[in-house]
Amino acid sequence: MTETIVVKELSKSFGEVRAVRGIDFAVASGEIFGFLGPNGAGKTTTISMLSGLLRPDSGSITIDGMDIASHGRDVRRILGIIPQEIALYEELSGRDNLLFWGGLYGLAGGELKDSVDRALELVELTDRSKDPVRTYSGGMKRRINLCAGLVHDPKIILLDEPTLGIDPQARIRILDVVKGLAGRGKTIIYTTHYLEEAEQICDRIAIIDEGTIHASGTLAELVELVGGKIMVTVSGGFGAEDVRELVGDAEIDHIEDGELRVKLLDRDSTGMLLGGFFSAGLQVDGVAIKEPSLESVFLQVTGRELRD
Amino acid sequence: MRRGRAWTVWKIAACDFRLTMREKSAVLWIFLMPLAFITFFGLSFGGGSGRTPLATLTVENNDGGFLSADLVSLLEGENYFIQMSDTLPDGADPVRTLVIPEGFTDGGLGRGKVELVLLRERGSNENAGRAASAAVFRSLARLVSGLVEIEDGLIREGSESIVIRGDTLYGSLLIVSKDGPGMAAVVEQRMDTMLVRPSNVTVRSERAGRGIEIPGGFQSSVPGNLVMFVLMTMLFSGAAITAERQGGLLKRIGMSPAGKGDIVAGKLLGRIFIGVAQIIFLLAAGKLLFRISLGNDIGGLFLLMLAFTFAMGSLSILFGSLLSDPDQVTSLGVITAMAMSALGGCWWPLEMVSAPLRVVAYCLPTGWTINGIHRLISFGMGTAAVLPHIAVLTLFGIVFLAAGAKRLKWDV
Amino acid sequence: MKEILGILTNDIRRRLKSPLSVILMILIPVSMTLIIGIVFGQSGEVTVPKIKVLLVDNDGGFFSGFLRQAMQQGELADMLDITEVSAAEGEAMMSEGKASALIEIPQGFTEKVLDGVPAEIRLVKNPSEYFLPLVVEEITKTMAVLLDGGSRIFSEPMTRMRSIIDGESWPSTGDMEEVINGARNGVILVYGYVADSLITFRDEVASAADTAVAAAGEQEDSGGFNIFAFVMPGSMMIGLLFITELVLRDILRERTGGTLPRMLASPVTTSQVVAGKVGAAFAITMISCLILLLVSRIGFSVDLGDLPALLLHTVATILMCTGVMTFLYGAISSERAADAVMSVVIIAMALFGGSMVPYEQMPSALQAVGRFSPVFWAADGMKRIFLFDAGISDISVHLAILAALGVCSLIPGTLLIRSRIVKGGW
């Protein structure tokens, strides 16, 4: 598969703050590439650089074979950007907004009108298209926000947290639209801090935190990174030194008096470990088992949980 | 077929124009408030009549004789609205009052000493006050001239009650009027005859240039308010840029194929559209509603105002680039608009200010615009006369625009 | 009460944390006053610059000489900068706006005056100027009146003199005596008025309040007239009304921002919330007003006059501002509507109330309308305190009207806002 987006050694600082620190990634044509990270991880800065809004301090971005530094305008013509904010004119109707945004991409006349109609159908907002955006619900605003980035039928779509702050039903509708777009061969970069979204729709995921990509690959590849092991947390009245021997060769993730977090191959190994606890007469108050997932990957590669 | 950069600029401009025109408050400020201001200030400075404003002069007549009555009628001939103090409602506060003392007629006829006082309220219109003073002086001069002529006539007729012996005058008109029955009426009648004679020496006033013949209050009120409101409309529009930045719209436009130059050009063009709509509306209202003259070269006037709109639209982009809060832009806009209007000559004629302040006026776009308007409307000159003005305003615009574009930020 | 105070102090604290908007509003009256001060000076007296006048003398006779001389002597010499030019030069200069006025004395002027036939002086005014050409016009008209009077008084001897000059033979002694006697009589008659100042005219700037103070026998040092004291009250009102409006708008913004519903979800009652917000508007406007008074005193050397009267008037004024704005907000459903209505209402009240054109300078019809503007009562009362040292009794009518307006608009306004919140209209 050809690589539509190639990013090399990309860095950007704002004063003392190093927002993006020499990241590399490539996105293949027709792929949904997820950027998973907490707020302030550098996702939006990366999107801004990909769209040519911010100039990188160093590194290069090639989109559809064009260097963004020298072909910014041509690149932006094939990009569809859906920003985090509902960046729409609330006074204007949904249709009027789409006519404006489509116009900015050079569409005019019947072509513009047809594109707007198609985009409205895609997000199922044709019925409300003549109402001012300010009268829309949060979910509808998100959908029309998405629509405004798609009206010119872009080849590449950059979605920056498109489901921020909406109800589950509206989120499902947006994710369906994104999947549909991918089905039509669009190349998509999708930033989110929702693990389940990344798991659900992304072909490949890059885990980004503090401006650095810590890991990237398909979900399976990422899980493999943590060894495909389950994470077992045991709590109770025991000392850290008391249990160290019981663990044996298993990899300890965290240990302190009263709590042990350890990576085990499977559930059978868990039973064996607990058996050891009981044999040694150690008090066990609780056991939590976490199957290998993106969350555990995130925890593994960044050293912290993705809470928001 | 996808359109190019000009189309993008047009779309941004059209969108901004449309958004502004949808705002009820904007429409009120752009079209209706200027009309209210023009009406208010126009009426305050004489309305539509070409004559000097009819100022009010209150007369406190403590005399009751015919001379004081003649004085009042002479003042009425001086284009004053005379209001007698005893007819004023309770609590009324007269602005300027002429106090005619008791015994004015007898004193005047008898060559006794009499003093008239013109009391002017603090803060009352300086121009009207000075004009009132001159008018009272002229009326008195005509009255005294009449008295002297009557005295001279009686002396020539050989009256025994008023004679000149050697270098001394004996007797007076007061004595004459008490000479016998009907003499007082004779003196009064003679005075009336004198005063109704047309003056032999008159002044014919006209205005220079080929411009307006009869300026009225609206004639001075329309240009000043036109400039001030275009300035305000432009400066306040800077708030929309900050609001768009806050809402993420500016950033989104920045992510589109539109370059920074296209965006700035579009934003400026949108503002110019609004300014042009306002200029056309106010000039039309000036012509049709307030019946003012727009000079002999409407094209030149439009070009001058267009250059001013360009300069101020550019300044609004600079404001929008420098400030982050729409409220701040609005407040700074009010202060800047006030300062530039006042110092540029929109509030009062520049001839009244000191020489250094006249220099200050020419450091401001408003000063150049007002001067250009005078050349076109007051003097009836053509476009060539305001080409330097248009060039200076364009230069202002380029400087503001370059600074605004340089400082334009996408994010808060 | 505790809850109301809590909301009130929270709003004040928020404004203190982010004071720029209020500061900019305070700067509006300060800059307005400052500009007027810069232009007209603290005394407020318009110092007329020397007026450039072009004189075209096509006559060259006795009377045109009289006019020329008169305009170049005494006070007129200080006022007018006379340049004699030819007719063509004059026209060219005037069409370029290089002088305020041109006086053209026509050919045969003196002859016409001597013959007692109408003679006309042509005055060409600079159309781009308003005031200076009017001054020249007044002077020229006054000259014309004096010339007319003089020519009539001395017409007899002058006519005789002309016939003597035009005569073909030498004049007789009797003819000469008649001329001399006629002229001498005229001089004696006029001399009384000129030398003995029989009828005099005094022009003075005063006021009813001054007269009242003087009549009461109070000696006071009023000092020079301070234009800032004259301008500040009116312009201050614009700033104060906008500040009250800004603070009250918070209720609408807090609804959108979610803090108002959150407040209403707490045990605090709607009435307490409204009272707290209105109280905050009063307090913040009052603080701003005190700052403006301080700026007036320190920055503009305004004599603040009678302190109890000033404090009472300030309270009444702020009560009026809060009341009127609360009432207007009670009638408004959205921020969009507020944008459209509030500034227009404030500007209209300020315009008619004398904030922009001094009330004293308005035509009587506008003055009559102005008395219906609350701004008039606020600004006029403060002006009386600043300029005429008015006490409480002198401004009792102002105080009563402002307080009544404040209370009568505050109560229904508060109830309207409360009802809108309760009904969910906001």
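Residues numbered from 1 in each chain as written. Chains lettered and ligands numbered in written order. Predicted model: local features only at pLDDT ≥ 70, side-chain atom pairs only at ≥ 80, totals over all residues. Heavy atoms only, no water.

*Asks:* I'm lost on the overall build of chain C in this one. Help?
*Replies:* When its secondary structure is counted, chain C shows 18 helices and five strands. Counting the 426 residues in chain C, one finds 51% classified as buried. Pairs at least 24 apart in sequence give 77% of the contacts found in chain C among residues at least 6 apart. As displayed, chain C has an accessible area near 18500 Å², and 61% of this comes from carbon and sulfur atoms. (Helix = DSSP H or I, 4+ residues; strand = E, 2+ residues; numbered from the N terminus. Buried < 20%, exposed > 50% of the residue type's maximum accessible area, 1.4 Å probe, protein only. Contact = heavy atoms within 4.5 Å. Areas by Shrake-Rupley, 256 points an atom, 1.4 Å probe, with all protein chains shown as cover.)

*Asks:* Explanation requested: the interface of chain C and chain B in the structure shown.
*Replies:* Interface size, as often reported, equals the accessible area lost upon joining of the parts. Taken together, the 104 residues of chain C in the interface contact 95 residues of chain B. For the pairing of chain C and chain B, the buried interface totals around 9300 Å² over both sides, and the portion due to carbon and sulfur atoms is 62%. Of all residues in chain C, R152, L189 and F201 of chain C give up the largest surface area on contact with chain B, accounting jointly for 8% of the area buried on that side. The tally of links from chain C across to chain B stands at three salt bridges. Linking E138 of chain C and R138 of chain B is a salt bridge whose minimum nitrogen-to-oxygen distance equals 2.7 Å. Linking chain C to chain B there are 17 residue pairs in polar contact (both at pLDDT 80 or more). With 17 residues, the single largest contributor to the side of chain C that touches chain B is helix α7 (residues 131-153) of chain C. Here the side of chain C that touches chain B is composed, by residue class, of 60 nonpolar, 20 polar and 24 charged. (Buried area = accessible area lost by both parts, 1.4 Å probe. Salt bridge = Lys/Arg side-chain N within 4 Å of Asp/Glu carboxyl O. Polar contact = N/O pair within 3.5 Å; in protein donor to acceptor, adjacent residues only side chain to side chain. Nonpolar A, V, L, I, M, F, W, Y, C, P; charged D, E, K, R; others polar.)

*Asks:* Explain the nonpolar core to me, please; I cannot follow it from the model alone.
*Replies:* In a soluble, globular protein the nonpolar side chains are often hidden away together inside. Core analysis: the largest hydrophobic core is formed by 179 residues, its most contacted members being M312 of chain B together with I103, F109, M325 and F386 of chain C. For this core, the element with the most residues is helix α11 (residues 227-257) of chain C, which contributes 18 residues. The contacts of M312 of chain B, once residues within four sequence positions are left out, are L231, M234, L235, M340, P365 and F400 of chain B. Counting 100 residues, the second-largest nonpolar core is a separate cluster that includes A19, L53, L92 and I174 of chain A. (Core = buried A, V, L, I, M, F, W, Y, C linked by side-chain atoms within 4.5 Å.)

*Asks:* Is there a simple way to explain the domain arrangement of chain C in this structure?
*Replies:* Under the domain assignment, chain C is made up of domain 1 (2-41 + 224-423) and domain 2 (51-213). Taken over C-alpha atoms, the centre of domain 1 of chain C sits 55 Å from the centre of domain 2 of chain C. (Domains from an automatic or database assignment.)

*Asks:* I'm lost on the sheet that holds strand β5 (residues 66-67) of chain A in this one. Help?
*Replies:* Adjacent strands of a sheet form backbone hydrogen bonds with each other and so pair up, either parallel or antiparallel. Residues and elements named next belong to chain A. Taken in spatial order, the four strands line up as β2-β1-β4-β5 in an open sheet, and their pairing is antiparallel. Looking at which strands have only one partner, the edges of the open sheet turn out to be β2 (17-28) and β5. Here strand β1 (residues 3-14) pairs with β2 via eight bridges, running antiparallel. From the neighbouring strand, V7 faces β2, where its bridge partner is F25. (Pairing = 2+ DSSP bridges.)

*Asks:* What exactly am I supposed to notice about the packing of aromatic side chains here?
*Replies:* By convention here, two paired aromatic rings are described through the distance between centres and the angle between planes. What the rule picks out here adds up to 22 aromatic pairs over all chains. Residues Y89 of chain A and F100 of chain A carry aromatic rings whose centres are separated by 5.5 Å and whose planes lie at 75 degrees to one another, so their mutual orientation is edge-to-face. Here Y89 of chain A, found in the loop between β6 (79-82) and α3 (94-104), pairs with F100 of chain A, found in helix α3; they are 11 residues apart in sequence, far enough to count as distant. The exposure class assigned to F100 of chain A is buried, which follows from its relative accessible area of 4%. Relative to W377 of chain C, the ring of F376 of chain C has its centre 4.9 Å away and its plane inclined at 75 degrees; by these criteria the two rings are edge-to-face. Connected via pairs of aromatic rings, a cluster forms that spans W29, F37, F40, F41, F229 and F236 of chain B together with F352 of chain C. (Phe/Tyr/Trp six-rings, centres within 6.5 Å; stacked < 30°, edge-to-face > 60°.)

*Asks:* Could you clarify how one ought to interpret the side chain of N126 of chain C in this entry?
*Replies:* Examined against the element boundaries, N126 of chain C turns out to sit in the loop between β4 (119-125) and α7. For N126 of chain C, the side chain forms a polar contact with the side chain of S128 of chain C, separated by 2.8 Å. Setting aside chain neighbours within four positions, we find N126 of chain C in contact with F379 of chain B together with M94, G97, A99, S100 and P133 of chain C.

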